[in-house]
Amino acid sequence: MNDGVRILALARRVFLDRVKSTRMMIMLPILVLFLPGMAWGFSDPDIILPGGHQPDEPMEVLFYASLGVVFGATMCAVLLAFDGVSRDRASGVFELRLAQPMPRTHQAIALVLGMWQAIFIPVAILIFISIAIIRWRLGEWASVGDALMHLLATSLILLWYVVFTLLASSRTKDQGTAIAFGVGMWFLFTFLWALVTTMVAYASGVTIGEQNDMQWIALEGALDLLSPNGVYHHLLETRLIDIDRGVAAWQTWSMALAWTALPTWWFIRKMDELQP
Amino acid sequence: MLELKNVTFRHLIHAPTRIKPWRKQPGPGVLGVSLRLQPGEILGLVGPNGAGKTTLLRMIAGVLPIEKGKIHLNKNGTFEALDGSSLRTVVGHMPEQVRWQGRQTVEDALFELAQMRGSSLKRVNDLLRLVGLAERTKTPLSSLSQGMRQRLTLAAALLGTPKYLLLDEPLNGLDPVAAAAFIRLLKQLTTKGVSIVISSHQVEGLQAITDRVALMHRGQVLACGTLEAIAQNLGLTSTIEARGIGDAPDFSWCNLTEQTEEKGQWTAVLHDTQPNMLAEVLSRGIDFTAWIPKPPGIVEMLCAATGMDVEEVGLDIATAAMLPHRRLGGEEE
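Just so we're clear, the structure is a prediction, and the values are computed from it rather than from any experiment.

**So, the overall build of chain B**
Next, step 1: Scanning chain B from terminus to terminus reveals 11 helices and 14 strands.
Next, step 2: When its C-alpha atoms are laid out on the principal axes, chain B stretches across 65 × 55 × 50 Å.
Next, step 3: Buried positions account for 36% of the 333 residues belonging to chain B.
Next, step 4: For chain B, the share of sequence-separated contacts (at least 6 apart) that also reach a separation of at least 24 residues comes to 67%.

Here it is as structure tokens:
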């Protein structure tokens, strides 16, 4: 059995363990409510959003429904992975894993892959259901490009949250601290980032919340690159014609790469020197 | 043969200052330990809590890095230095009290580890049969008793057919029947050339199964050899507990440690310093109902090896200071 097959085999075991867990059973209705539920709501032919806008394109509906990913799926990713390292570390099973000849780097990659699959595969299925709902409600399929971009961006944001959570889990020895780290980080990027943006804008002399102020839009767009949720929306916006927040596609992709590579590298490095 | 040469590892402990609240400094660990593991022998690693037994086992298992020193494997007369990865291939490690939990079955949990070693499902089932868990392959981990968890951990340590087996407090949680079966299994393994290191904070349980013991304290091996040889080197003698009915006999002719009398029964603890002690007692017409030889315990050995008294050893907590210790020859380091 070569290294790649071993990594995939271990990832599959982690995936099966998590996807069949009780917490997944509890989170599944939440995901159904947040993903196909939002797609159903935003694809209502009579819906009028607060700005008077009416989404009539499948990608537009997918974009608004991505709020379900930001609020629901990322939280589920955190709740699924928060004890990815700390539970086995506390029970002593982690020491048994570290005593196996499989390099720690490979174990870390398998852990990330398994956890990520456990949240992404159910979410991907629900996204396909959402696309079908949009087709039924709007009478139009999302283009392959739009659907792929939505899946890719969603897969990335879930990967980022899984890696952050595993990183937090590897730095703590008890479950309480691990979940506090994970939820705290989710809270920061999901709710508090707007506050951070407002504070930076205020300090920079930019009019806060002025929708037609280009300075505010550019600042918000730039600061969003420093948040995984912001990069996620920038990625989705690359498929929307009417949106320009002053961030070029290459900048968005570079930040997506950075958000993928840096925490993963940090986690692998942490696993390499982790003690039981 | 596996040979440890001056291996050292020190845990980093928090030592915050006002300027650097995250500061860490080297603390307790294992300091310059040298040992040899012969094929087919059982080595007992004994010492009080915090002596460094678990740290040393983790270093040999390739779980903790070796900061200084080397571990060599004797292969056909040539010594080959082993890194962490090579160690993990030849060594099986059974950590102390693994709390297996969750809905995963016994077979699945072991197969997960087996896949990390490239072992097959057949090997997993063979091992489960060997440790007496053949009937429990489909049992969820949460339903296992402590003894069964210990057996499962042993099976995990035996994956990959290791030449060296490290067992950290393996008899904890096992009932006497399971412990006897466990010891029998260890003896079987040694006949196949497997070297076993067992750590324990109790000498008594190890006497019957170990070929040699290494006495550890504050991260150092103070003495290594057979229990008798260590006791002799430290100038310690065995004691004999004699019991009888009626009035306590006169033991003033020998080295008496302690004598008590209660409800028509007497107990005397004698130092076994004279040759043919039993014959001497019988010749003096002393009538007894029990004659129990007792070898020196770990506390006595530690006291003799460190020069500390019982209270000091008992209350001693390994600190970052790593105070010098007196070796067998009396020299300090």
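Next comes the rest of the account.
**Remarks on the overall build of chain A**
Next, step 1: Across its full length, chain A carries 12 helices and zero strands.
Next, step 2: In terms of overall dimensions, chain A is globule-like: its C-alpha atoms have a radius of gyration of 20 Å, near the 19 Å expected for 276 residues.
Next, step 3: C-alpha extents for chain A along the principal axes are approximately 60 × 45 × 35 Å.
Next, step 4: Each of the 276 residues in chain A was classed as buried or not, and the buried ones make up 46%.
Next, step 5: The contacts in chain A between residues at least 6 apart in sequence include a share of 79% that link residues at least 24 apart.

**Brief notes about the interface of chain A and chain B**
Next, step 1: The partner chain B presents 23 residues to the 20 residues of chain A that form the contact.
Next, step 2: Elements with a contribution of two residues or more to the side of chain A that touches chain B: helix H1 (3–19) and helix H6 (93–98) of chain A.
Next, step 3: Residues belonging to the side of chain A that touches chain B are distributed by class as follows: 11 nonpolar, four polar and five charged.

**Describing the sheet that holds strand E12 (residues 256–262) of chain B**
All names here are of chain B.
Next, step 1: In spatial order, the strands read E12-E13-E11-E14; together these four strands make up an open sheet with antiparallel pairing. Each end of this open sheet is capped by a strand with a single partner; those strands are E12 and strand E14 (290–294). Across the sheet, the mean angle separating the axes of adjacent strands is 15° when strand polarity is ignored.
Next, step 2: Alignment of strand E11 (residues 239–245) against E14, held across five bridges, turns out to be antiparallel. Paired with Ile 240 across the strands is Pro 293, a residue of E14.

**Comments concerning the nonpolar core**
Next, step 1: By size, the foremost hydrophobic cluster in this structure holds 154 residues, and its most contacted members are Ile 119, Leu 158 and Val 162 of chain A together with Leu 110 and Leu 215 of chain B.
Next, step 2: Considering every element that reaches this core, the biggest residue donor is helix H7 (residues 104–138) of chain A, with 16 residues.
Next, step 3: When neighbours within four sequence positions are excluded, Val 162 of chain A is seen to be in contact with Ala 77, Ala 81, Val 112, Met 115, Trp 116 and Ile 119 of chain A.

**Description of the confidence of the model for chain A**
Next, step 1: Averaged over every residue, the pLDDT of chain A is 88; the share at 70 or more is 96%.
Next, step 2: Mean pLDDT in chain A bottoms out at helix H10 (residues 214–224) of chain A, which sits at 78, and peaks at H7 of chain A, which reaches 95.

**Looking at the sheet that holds strand E8 (residues 195–200) of chain B**
Residues and elements named next belong to chain B.
Next, step 1: If you walk across this open sheet you meet the six strands as E6-E7-E8-E3-E9-E10, and the pairing is mixed. Pairing within the sheet leaves two strands with one partner each, and these edge strands are strand E6 (91–94) and strand E10 (220–225). With direction set aside, neighbouring strand axes in the sheet form an average angle of 15°.
Next, step 2: Pairing analysis gives four bridges linking E6 to strand E7 (residues 164–168), with the strands arranged parallel. Across the sheet, Gly 92 pairs through a bridge with Leu 165, a residue of E7.
Next, step 3: Sitting on the sheet, helix H5 (residues 146–157) is in contact with E6 and E7, with an inclination near 165° to E6.
Next, step 4: Docked against the sheet, helix H10 (residues 298–306) engages strand E3 (42–46), strand E9 (212–217) and E10, running at close to 60° with respect to E9.

**What about the packing of H1 of chain A against H7 of chain A?**
Residues and elements named next belong to chain A.
Next, step 1: Where H1 contacts H7, the two axes come as close as 7 Å, and the packing angle between them is 40°. With respect to H7, the element H1 is oriented oblique. In terms of crossing hand, the pair formed by H1 and H7 is right-handed. On H7, the residues that touch Asp 3, Arg 6, Ile 7, Leu 10, Ala 11, Arg 12, Arg 13, Val 14, Phe 15, Arg 18 and Val 19 of H1 are His 106, Gln 107, Ile 109, Ala 110, Leu 111, Leu 113, Gly 114, Met 115, Gln 117 and Ala 118.
Next, step 2: For the contact of H1 with H7, a count of residues per class yields 12 nonpolar, four polar and five charged.

**Observations concerning the environment of Pro 16 of chain B**
Residues and elements named next belong to chain B.
Next, step 1: Position of Pro 16 among the secondary structure elements: in the loop between strand E1 (2–14) and strand E2 (24–37).
Next, step 2: What makes Pro 16 exposed here is the crowd of 10 C-beta atoms within 10 Å.
Next, step 3: Not counting the four nearest positions on each side in its chain, Pro 16 is found in contact with Pro 21 and Arg 23.

**Some thoughts on helix H2 (residues 22–34) of chain A**
Residue and element names in this part refer to chain A.
Next, step 1: Taking 1.5 Å of rise per residue, 13 residues should cover 18 Å, and H2 covers 19 Å from first to last C-alpha, within 8% of that figure.
Next, step 2: The largest bend along H2 reaches roughly 30° and is located at Leu 28, with the proline Pro 29 sitting one to four residues downstream.
Next, step 3: For H2, the set of buried residues is Met 27, Leu 31 and Phe 34.
Next, step 4: Packed against the buried residues of H2 are helix H3 (36–42), helix H4 (58–81) and H7.

**Points about the environment of Gln 104 of chain B**
Next, step 1: Within the secondary structure, Gln 104 of chain B is located in the loop between E6 and helix H3 (106–117).
Next, step 2: A residue is classified by how many C-beta atoms lie within 10 Å of it, and Gln 104 of chain B, with 19 of them, is partly exposed.
Next, step 3: With 35 residues separating them along the chain, Gln 104 of chain B and Thr 139 of chain B place their C-alpha atoms 8.1 Å apart.
Next, step 4: Here Gln 104 of chain B is in contact with Asp 17 of chain A together with Ala 109, Pro 140 and Leu 141 of chain B, once residues within four sequence places are set aside.

**Quick look at the packing of H7 of chain A against helix H12 (residues 249–272) of chain A**
Two quantities define a packed helix pair, namely the angle between the axes and the distance from one axis to the other.
All names here are of chain A.
Next, step 1: The geometry of H7 relative to H12 is characterised by a closest axis approach of 8 Å and an angle of 130° between their N-to-C directions. Between H7 and H12, the angle is such that the two are oblique. Crossing geometry of H7 relative to H12 is assigned as right-handed. Across from Arg 104, Thr 105, Gln 107, Ala 108 and Val 112 in H7, the residues of H12 making contact are Thr 264, Phe 267, Ile 268, Met 271 and Asp 272.
Next, step 2: Of the residues assigned to the contact of H7 with H12, the class counts are five nonpolar, three polar and two charged.

**Quick word on the environment of Val 177 of chain B**
Next, step 1: Among the structural elements, Val 177 of chain B can be located in helix H6 (residues 176–191).
Next, step 2: For the pair Val 177 of chain B and Ala 61 of chain B, spaced 116 residues apart in the sequence, the C-alpha separation amounts to 28 Å.

**Quick notes on H1 of chain A**
Next, step 1: With 17 residues, H1 of chain A should reach 24 Å at 1.5 Å per residue; the first-to-last C-alpha distance of 24 Å fits that figure.
Next, step 2: Looking at H1 of chain A, one finds that the buried residues are Arg 6, Ile 7, Leu 10, Ala 11, Arg 13, Val 14 and Phe 15 of chain A.

About the cut-offs
Residues numbered from 1 in each chain as written. Chains lettered and ligands numbered in written order. Predicted model: local features only at pLDDT ≥ 70, side-chain atom pairs only at ≥ 80, totals over all residues. Helix = DSSP H or I, 4+ residues; strand = E, 2+ residues; numbered from the N terminus. Buried ≥ 20, exposed ≤ 12 C-beta atoms within 10 Å, placed from the backbone. Contact = placed C-beta atoms within 7 Å. Rg over C-alpha atoms; globule rule 2.2 N^0.38 Å. Nonpolar A, V, L, I, M, F, W, Y, C, P; charged D, E, K, R; others polar. Pairing = 2+ DSSP bridges. Axes fitted to C-alpha atoms, helices over the stretch in contact; angles between N-to-C directions. Core = buried A, V, L, I, M, F, W, Y, C linked by C-beta atoms within 7 Å. pLDDT = per-residue confidence, 0-100. Parallel < 35°, antiparallel > 145°, perpendicular 65-115°, else oblique. Left-handed = near helix turned anticlockwise from the far one by under 90°. Expected span 1.5 Å × (residues − 1). Bend = angle between axes of the 7 residues up to and from the residue.

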